[in-house]
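# Structural description and commentary
Residue-level listing of the chains:
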Amino acid sequence: MPVDELAKTDICQHALDVVAASKVQHVHIVGRRGPLQTAFTIKEFREMTKLPNVESHICLEDSKTSIMEEYERLARPRRRITDLMLKMADNPTVSKSSNKSWSLEFLLTPLEVLTENGHASAVRFAKNKLEGKEIDSQKAVVTDEVVDLQSNLVIRSIGYQTLPIGDGNVIPFNDKTYTIPNHYGRVLNHKGVYCSGWAKRGPVGVIAGTMTDAFETADSVIEDIESGVIKPSTSCIKDITESLLHEGISVVDFNEWENINEEEMRRGDKVGKPREKIINVHEMIRIAKSLDS
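Residues numbered from 1 in each chain as written. Predicted model: local features only at pLDDT ≥ 70, side-chain atom pairs only at ≥ 80, totals over all residues. Heavy atoms only, no water.

## Quick notes on the overall build of the protein chain
- In terms of regular secondary structure, the protein chain is built from 10 helices and 8 strands.
- Here the C-alpha radius of gyration of the protein chain, 24 Å, is well above what a compact globule of 293 residues would show, namely 19 Å.
- Across its three principal axes, the protein chain shows a C-alpha extent of roughly 60 × 50 × 40 Å.
- Classification of the 293 residues of the protein chain by burial places 28% in the buried group.
- Counting contacts in the protein chain only where the partners sit at least 6 residues apart, residues at least 24 apart contribute 56% of the total.
- Summed over all atoms, the accessible surface of the protein chain reaches about 20,000 Å², with 55% contributed by carbon and sulfur.
- Within the protein chain, one finds 37 positive and 44 negative side-chain charges whose respective centroids are separated by 3 Å. (Helix = DSSP H or I, 4+ residues; strand = E, 2+ residues; numbered from the N terminus. Rg over C-alpha atoms; globule rule 2.2 N^0.38 Å. Buried < 20%, exposed > 50% of the residue type's maximum accessible area, 1.4 Å probe, protein only. Contact = heavy atoms within 4.5 Å. Areas by Shrake-Rupley, 256 points an atom, 1.4 Å probe, with all protein chains shown as cover. Lys, Arg positive; Asp, Glu negative; His and termini not counted. Charge placed at Lys NZ, Arg CZ, Asp CG, Glu CD.)

Following this line, the structure appears as structure tokens:
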């Protein structure tokens, strides 16, 4: 996204300043598995391919055969995003007014960062092959073949792994899927205990999917309250708050959070943005406590 467009969003000013001064010309987006295992949505992908004055390159040389073999079995959402990737691979976007570009590359596992004079110069990858029958559960297995991608900046995004609570005996935990066993968010064999998000279903999906997942758990809580399975305590919030205050922990309630929200929007309005985020925690607390609403 162009800097002048980013400036109209709620991006923090210090981050905008860094982006504006950036000399990055090409970004490699690298995945360990293949194009049929991607987690992004078609909307996210389409927006990337339409970045103004930025070239897009989708690298499917090592994946087209497997795509064609599985194509007829793909669900409609997966087929739509696959169609778009195939189209972009055959017809990459070209920009005559910019030297910026990005590429999407698959079946690569990082082995090491190569350096020159103490700075990153490239990343060495092992080429992968996929093993397994079901598309979604196929595993990336490294081969002996390697490839180096030139790069002066390396950013890792290697997934998320939920940790058990205690030794796993307090709350049940599946150490193979790294999730809490549950039924619609209800922790199995633990009445009145619930989970949501990646602890519930693993690190998959986007924000909208995580929201839907949270709604499902909330529906389970409401259903259990209405059916009498659990009986909420009206003093619960008060007890928690008093306990935290006793430990010297500052508590920000919803009304005080609204003070922060209003101040961020006020600052943003002055510079033509939805909000100007406050990034200092001490400043947040000061604003929350000093503007009683």
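## Some remarks on the layout of surface pockets
- Considering only enclosed or pocket space, the second largest pocket measures out at about 770 Å³ in volume.
- In terms of lining, the second largest pocket is formed by 21 residues, of which the most central are Met-1, Val-19, Leu-51, Val-54 and Lys-100.
- Among the elements of the structure, α1 (3-6), α2 (13-20), β1 (26-30), α3 (42-49) and β3 (100-105) are those that each provide at least two residues to the lining of the second largest pocket.
- For the lining of the second largest pocket, the element with the most residues is β3, which contributes 3 residues.
- The residue makeup of the lining of the second largest pocket, split by class, is 14 nonpolar, 5 polar and 2 charged. (1 Å grid on protein atoms, 1.4 Å probe; cavity = no way out; pocket = protein on both sides within 12 Å on 5 of 7 lines; lining within 4 Å. Points joined across faces, edges and corners; volume = space filled by probe spheres on them. Nonpolar A, V, L, I, M, F, W, Y, C, P; charged D, E, K, R; others polar.)

## Details of unusual backbone geometry
- Positive phi is not limited to glycine here, since Asn-117 has a value of about 55°.
- Relative to the assigned elements, Asn-117 resides in the loop between β4 (108-116) and β5 (119-131).
- For Asn-117, a relative accessible area of 78% corresponds to the exposed category.
- Residue Tyr-184 is not a glycine yet carries a positive backbone phi of 55°.
- Within the secondary structure, Tyr-184 sits in the loop between β7 (182-183) and β8 (186-187).
- Of the residues examined, Tyr-184 reaches a relative accessible area of 47% and is grouped as partly exposed.

## So, the sheet that holds β5
- Spatial ordering of the open sheet is given by β4-β5-β6, a layout of 3 strands whose pairing is antiparallel. Edge strands, defined here as strands with exactly one partner in the open sheet, are β4 and β6 (139-150). Strand-to-strand twist in this sheet, taken as the mean axis angle between neighbours without regard to direction, amounts to 20°. (Pairing = 2+ DSSP bridges. Axes fitted to C-alpha atoms, helices over the stretch in contact; angles between N-to-C directions.)

## Some details on helix α9 (residues 254-270)
- Over its 17 residues, α9 runs 25 Å from end to end, which matches the ideal 24 Å to within 8%, given 1.5 Å per residue.
- Here α9 has its buried residues at Glu-256, Asn-259, Ile-260, Asn-261, Glu-263, Glu-264 and Gly-268.
- Where α9 is buried, its residues touch α10 (281-290).
- Its side-chain oxygen at 3.2 Å from the backbone nitrogen of Asn-255, Asp-253 defines the N-terminal cap of α9.
- Positive backbone phi, at 75°, marks Gly-272, one or two positions downstream of α9. (Expected span 1.5 Å × (residues − 1). Polar contact = N/O pair within 3.5 Å; in protein donor to acceptor, adjacent residues only side chain to side chain.)

## Re the packing of α9 against α10
- Interhelical geometry of α9 versus α10 gives an angle of 110° and a closest axis separation of 8 Å. Classified by the angle their axes make, α9 and α10 are roughly perpendicular. Every pair of crossing elements has a handedness; the one defined by α9 and α10 is right-handed. Contacts from Glu-256, Asn-259, Ile-260, Glu-263 and Arg-267 in α9 reach Glu-283, Met-284, Ile-287, Ala-288 and Lys-289 in α10.
- Classifying every residue of the contact of α9 with α10 by side-chain character gives 4 nonpolar, 1 polar and 5 charged. (Parallel < 35°, antiparallel > 145°, perpendicular 65-115°, else oblique. Left-handed = near helix turned anticlockwise from the far one by under 90°.)

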